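Results of the structural survey
Below, each chain spelled out in residue letters.
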Amino acid sequence: MSVVKEFTKGFWEQLPPFRLVLGLCPTLAVTTAAENGMGMGLATTFVLVFSNLIVSILRKIIPGKVRIASYIVVIASFVVIVELLMQAYFYPLYKILGIFIPLIVVNCIILGRAEAFASKNPIIHSLADGLGIGLGFTISLTVLGGIREILGNGTIFGASVMWETYEPLSFIVKAPGAFVCLGLLLGLMNIISRKRPAH
Amino acid sequence: MGDYLLLIVSAILVSNIILARYLGNCPFLGVSQKMDTAVGMGMAVIFVVTLAGMITWVVQYAILNPLGLEYLRTIAFILVIASLVQLVEMFLQKSIPGLYRALGIFLPLITTNCAVLGIAIINIQEEFDFMQTVVFSFASAVGFTLAMVLLASLRERFPTARIPSPFAGMPIAMITVGLLALAFLGFSGLVD
């Protein structure tokens, strides 16, 4: 497997959270607007890339029995760094994402990549994997956030896009809308991937 | 007493941990296919969340705050939860084998259940005192179990329903949860 392949698989084959149904809580919670989804995606990407890097460097040193605990400590350290950085430089976004920033620790995508990929592969490949999956996650969250923002609020990235008399469907930006939108998108992805021949 | 009742109603119905706060979705969708696994997971969550809520509260106010280490909260809490789950597992295996057999496979899954860490953090953010922490943690976990049992009873009927094939499995489960959440939205306004 080439480095490029490791990078690009995150954009369709293993696109989280649609193909890899993991990390649902942040997906549902923060995608009320495109900007929030993007912020959450980028924060997760940061943690994912660095945790993959460290886990890959230490993969021959960490004993098998305590590996999960070690991964969690590595991930938690980077989450604290992200938390402090966002508090310092992106305070409004930090306020909106709130509890879901510390909860990046328990995002199964990150632990999943550490266990399934970074603990078995060389450093460069692990970096490519982390960046690919992370950016795929960011794109998914931005798209889902964009759809919900357009339908539920009539705007995209804060700019008005719908006609003047458009009555926003406030249901979409509330909790039930999150589940329904994600369910419909998952079904749509299934239809598209059936039409595409498998390689 | 009235305050606690209000806290319980709001944690179970109004801001249900899954349907309104979006926490704990992975196990919620993962093990809600059958009623008995849903109940087992729910019981394990009630047990661990209540214990974790109490212990993390003590860690925050007895260790982190006096030492000025508030920024380490995330690391400290996840380590406490991970070791707590391990301890509970060992304790149950030795002392209450019956309960261990019932909860067994669900316990390791709980470490990555974001509801546990989420509730622990909410307890601190809302500045609850110790009693409120206990009540809120317990009630939130009961809310989790309620939502899970409701979804499991709905999902058990899927095999007899005609679902369009691209929507079979996860997509239709998501949409069902959405409708469930819509029903729970009716409780908002009950407590403000």
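Preceding this paragraph is the structure being described.
Residues numbered from 1 in each chain as written. Chains lettered and ligands numbered in written order. Predicted model: local features only at pLDDT ≥ 70, side-chain atom pairs only at ≥ 80, totals over all residues. Heavy atoms only, no water.

Let's talk about unusual backbone geometry
Residue and element names in this part refer to chain B. Going by this rule: Starting at the N terminus, helices and strands are each numbered in turn, a helix being any DSSP run of H or I of at least four residues and a strand any DSSP run of E of at least two. Throughout, exposure labels follow a simple rule: accessible area from a 1.4 Å probe, protein chains only, divided by the maximum for the residue type, with under 20% read as buried, over 50% as exposed, and the rest as partly exposed.
Positive phi outside glycine occurs at Tyr-22, with the angle close to 55°. Secondary-structure assignment places Tyr-22 in the loop between α1 (2-14) and α2 (25-30). Note on Tyr-22: relative accessible area 9%, which makes it buried. One non-glycine residue with positive phi stands out, namely Glu-127, at about 55°. Checked against the element boundaries, Glu-127 lands in the loop between α7 (114-125) and α8 (130-155).

Notes on the interface of chain B and chain A
This is how it is decided: In what follows, residue pairs with any heavy atoms lying within 4.5 Å of each other are defined as contacts. A pair is scored as a salt bridge if a Lys or Arg side-chain nitrogen falls within 4 Å of a carboxyl oxygen belonging to Asp or Glu. Note on residue categories: nonpolar means Ala, Val, Leu, Ile, Met, Phe, Trp, Tyr, Cys or Pro, charged means Asp, Glu, Lys or Arg, and polar means any other residue, Gly included.
Each partner contributes to the interface: chain B provides 35 residues, whereas chain A provides 39 residues. The interface formed by chain B and chain A contains zero salt bridges. Residue assignment for the side of chain B that touches chain A shows that the elements contributing at least two residues are α2, α4 (73-95), α7 and α9 (170-185) of chain B. Here the side of chain B that touches chain A takes nine residues from α9(B), the largest share from any one element. For the side of chain B that touches chain A, a count of residues per class yields 25 nonpolar, nine polar and one charged.

Some points on the environment of Glu127(B)
When its relative accessible area of 64% is taken as the criterion, Glu127(B) is described as exposed. In this structure, the C-alpha to C-alpha distance between Glu127(B) and Gly68(B), residues 59 residues apart in sequence, is 17 Å.

Examining the nonpolar core
Keep this limit in mind: Definition of nonpolar core: a set of buried residues of the types Ala, Val, Leu, Ile, Met, Phe, Trp, Tyr and Cys, connected through side-chain atoms within 4.5 Å.
Of all hydrophobic cores here, the largest spans 111 residues; its most connected members are Phe100(A), Ile110(B) and Leu117(B). Looking at this core element by element, the count peaks at eleven residues for helix α3 (residues 35-67) of chain B. Every residue in contact with Phe100(A), bar those within four places of it in the chain, is listed here: Cys25(A), Pro26(A), Ala29(A), Val30(A), Met40(A), Arg21(B), Tyr22(B) and Leu23(B).

Overview of the packing of α1(B) against α8(B)
Residues and elements named next belong to chain B. Heads up, the rule is: An axis is simply a line fitted to the C-alpha atoms; with a helix, the fit covers only the stretch in contact. Between two such axes, the angle follows the N-to-C directions and lies from 0 to 180 degrees. We call two directions roughly parallel when the angle between them is under 35 degrees, roughly antiparallel when it is over 145, roughly perpendicular when it lies between 65 and 115, and oblique otherwise. Rotating anticlockwise by less than a right angle from the far helix to the near helix defines a left-handed crossing, while the corresponding clockwise rotation defines a right-handed one.
Orientation of α1 relative to α8, taken along the N-to-C sense of each, is 30°, at an axis distance of 7 Å. When the axis of α1 is compared with that of α8, the two are roughly parallel. Here α1 runs over α8; the crossing is right-handed. From α1, Tyr-4, Leu-7, Ile-8, Ala-11, Ile-12 and Leu-13 reach across to α8, where they touch Met-131, Gln-132, Val-135, Phe-136, Ala-139, Ser-140, Val-142, Gly-143 and Leu-146. Of the residues in the contact of α1 with α8, the class split is twelve nonpolar, three polar and no charged.

Worth remembering: the numbers are spatial, not functional.
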